[in-house]
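The primary structure of each chain is shown beneath.
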Amino acid sequence: MFDQRVYNFAPGPATLPEEVLKQAASEMLNWQGLGMGVMEVSHRGKAFMACYEEAVADLRELMNIPDSYAVLFLQGGAIGMNAAIPMNLMPLASKAPKADFIATGIWTEKSIKEAAKYGEAHIAASSQANGYTTIPDQKDWQLSDDAAYVHICSNETVGGLEFQDVPKVAKPLVADVSSNILSRVWDVNQFGVLFGGAQKNIGPAGLSILIVRKDLLGHAMPITPTIWDWAKQAESDSMLNTPPTFSVYLAGLVFKWLKRQGGVAAIEQKNIQKSNLLYECIDQSSLYVGKIDQRYRSRMNVTFYLQDEALNDAFVAGAAKQGLMNIKGHKSVGGMRASIYNAMPIEGVQALVDYMKEFERGQ
Ligand SMILES: *Cc1c(COP(=O)(O)O)cnc(C)c1O
């Protein structure tokens, strides 16, 4: 039991900015003087529509999203998108429905499996043989001429593997950005589609974000469920069905918070600083070891192992005693993972580094 907030290194749902939670708490019962909370008002009413439009505008400003892209707030998470993307885009293939995939971990594996229900999911490159510890060199990608798009995961949340540059490809680039959206500056023009769940770096679960180049709208397969037909959603302000209003509201508060932090360029510098602190600690230690190719180490999910795995439980328990929570790695890869999204303060990362050094000295 804690009587104060801890440092929560969970991969998602993840820690949110304290200021944002405090504001939401203060407005919970009476939002904007309406005498009711944001969760209790009509999604089509004036107050919520303004809140929704402001959130979209702030996201556009933060990511510098051109007018030639639609921004949709949908549901079903990134996993839902794994189905919606092939349904909306595969018909653009020149022959049969088909897309290329760069397999870099668990999340692209899931995307491939789902897409294969709707057409050919061609694996153009894979680092599976290396245990997904690296990203295949682009010169070795076997891209197809007849694919509708190229799918990547910009940050593999489980492995802790991140593209440091946006690959240049001829076909529209589709990127699962669930776990590193808003953490680094991107040129949106380099993408056809950016998609992700909000619960890593934006807000509460329940909201999925889709940024799509407008010329890619309107090609959906006839079987596409109406709520996932992007053209139809774009025509109705993403409100074909009732949107997750509280998640949209809270995402909007996070966007305002991020603007107060100086925007994406400023938070990127902090993310570099935070991840460097942890990677330097790992590299200088003889107890901790990282397995990810140094060129592609994630700034958001720092994964590492204890040389002596028998110490894992003691390491996790000792951390929890100091209020450093949820640092155990995903069961599929083991080891440790510290997820340090935008909302994790540098003090939290420093506290973890101090603990890691203290634990190592104790061995
Ligand atoms: C968490 C995560 C997902 C799953 O998102 P849901 O919202 O649960 O569908 C997909 N891709 C990546 C990269 C993730 O980190």
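In this text, all values refer to a predicted model and were calculated from it rather than measured experimentally.

J.: Hey, could you run me through the packing of helix 2 (residues 46–63) against helix 6 (residues 245–260) in this one?
T.: When two helices pack together, their arrangement is given by the angle between the helix axes and by the axis-to-axis distance. Between helix 2 and helix 6, whose axes approach to 9 Å, the crossing angle comes to 40°. With respect to helix 6, the element helix 2 is oriented oblique. Relative to helix 6, the crossing made by helix 2 is left-handed. Of helix 6, the residues touching helix 2 (which contributes F48, C51, Y52, E54, A55, D58, L59, E61 and L62) are T245, V248, Y249, G252, F255, K256, L258 and K259.

J.: Can you walk me through the sheet that holds strand 10 (residues 208–213) in this structure?
T.: Strand pairs in the sheet, formed through backbone hydrogen bonds, run parallel or antiparallel to each other. The seven strands lie next to each other as 2-10-9-8-5-3-4, forming an open sheet whose pairing is mixed. Lying at the two open borders of the sheet, with one neighbouring strand each, are strand 2 (69–74) and strand 4 (120–126). Strand-to-strand twist in this sheet, taken as the mean axis angle between neighbours without regard to direction, amounts to 20°. Taken together, the two bridges between strand 3 (residues 98–103) and strand 5 (residues 150–153) define a ladder with parallel strand orientation. Note that in strand 5 the partner of F101 across the bridge is H151.

J.: When you look at the site of the ligand in this model, what are you seeing that I'm missing?
T.: What surrounds the ligand is the set G77, A78, I79, W107, C153, N155, T157, D176, S178, S179, Q199 and K200. One nitrogen or oxygen atom from the main chain of I79 is found 2.8 Å from an oxygen atom belonging to the ligand. Q199 places a side-chain nitrogen or oxygen 2.8 Å from an oxygen atom of the ligand. In isolation the ligand has 390 Å² of accessible area, and contact with the protein removes 86% of it. Examining the composition of the shell around the ligand, we find that three residues originate from one element, helix 3 (residues 77–89), more than from any other. In the shell around the ligand, the residues fall into four nonpolar, six polar and two charged.

J.: Explain the packing of helix 1 (residues 18–27) against helix 6 to me, please; I cannot follow it from the model alone.
T.: It is the contact of helix 1 with helix 6, at a shortest axis distance of 9 Å, that shows an interaxial angle of 135°. What the angle tells us is that helix 1 and helix 6 run oblique. Where helix 1 crosses over helix 6, the handedness of that crossing is right-handed. Packed against helix 1, whose contacting residues are E19, V20, Q23, A24 and E27, the element helix 6 presents Y249, L250, L253, V254, W257 and R260 at the interface. Here the residues of the contact of helix 1 with helix 6 are counted per class, giving seven nonpolar, one polar and three charged.

J.: So what exactly am I meant to see when it comes to the side chain of H151 here?
T.: Among the structural elements, H151 can be located in strand 5. One polar contact links H151 to S111, side chain to side chain, over a distance of 3.3 Å. Excluding residues within four positions of it along the chain, H151 makes contact with N82, D100, F101, I102, T108, S111, V174, D176 and F195.

J.: Help me out: how do you make sense of the sheet that holds strand 11 (residues 288–289) in this one?
T.: Spatial strand order, 11-12-14: three strands in an open sheet with antiparallel pairing. At either end of the open sheet lies a strand with only one pairing partner, and these are strand 11 and strand 14 (336–339). The pairing of strand 12 (residues 301–306) with strand 14 spans four bridges and is classified as antiparallel. Within strand 14, the position partnered with F304 by the bridge is M336. Against the sheet, helix 7 (residues 263–284) makes contact with strand 11, strand 12 and strand 14, and its axis sits at roughly 15° relative to strand 12, the strand it touches most.

J.: Looking at this structure, I do not really get the packing of aromatic side chains. What am I missing?
T.: Describing an aromatic ring pair means giving the distance of the ring centres and the angle of the ring planes. Under the counting rule described, the total for this entry stands at 12 aromatic pairs. Each ring, one from W186 and one from F191, has its centre 5.7 Å from the other, and the planes form 65°; the classification is edge-to-face. In this pair, the class of W186 matches that of F191, namely buried. Their ring planes at 45° and their centres at 6.0 Å tell us that Y355 and F359 sit as a pair that is tilted. Pair noted here: Y355 and F359 are both in helix 9 (residues 346–361), with a separation of four residues, about one helical turn. On the basis of relative accessibility, which here comes to 3%, the residue Y355 falls in the buried class. The positively charged end of K291 is found above the aromatic ring belonging to Y305, 3.8 Å away from the centroid.

Conventions adopted
- Residues numbered from 1 in each chain as written.
- Predicted model: local features only at pLDDT ≥ 70, side-chain atom pairs only at ≥ 80, totals over all residues.
- Heavy atoms only, no water.
- Axes fitted to C-alpha atoms, helices over the stretch in contact; angles between N-to-C directions.
- Helix = DSSP H or I, 4+ residues; strand = E, 2+ residues; numbered from the N terminus.
- Parallel < 35°, antiparallel > 145°, perpendicular 65-115°, else oblique.
- Left-handed = near helix turned anticlockwise from the far one by under 90°.
- Contact = heavy atoms within 4.5 Å.
- Pairing = 2+ DSSP bridges.
- Near = heavy atom within 4 Å.
- Polar contact = N/O pair within 3.5 Å; in protein donor to acceptor, adjacent residues only side chain to side chain.
- Areas by Shrake-Rupley, 256 points an atom, 1.4 Å probe, with all protein chains shown as cover.
- Nonpolar A, V, L, I, M, F, W, Y, C, P; charged D, E, K, R; others polar.
- Phe/Tyr/Trp six-rings, centres within 6.5 Å; stacked < 30°, edge-to-face > 60°.
- Buried < 20%, exposed > 50% of the residue type's maximum accessible area, 1.4 Å probe, protein only.
- Lys NZ or Arg CZ within 6 Å of the ring centre and 35° of its normal.

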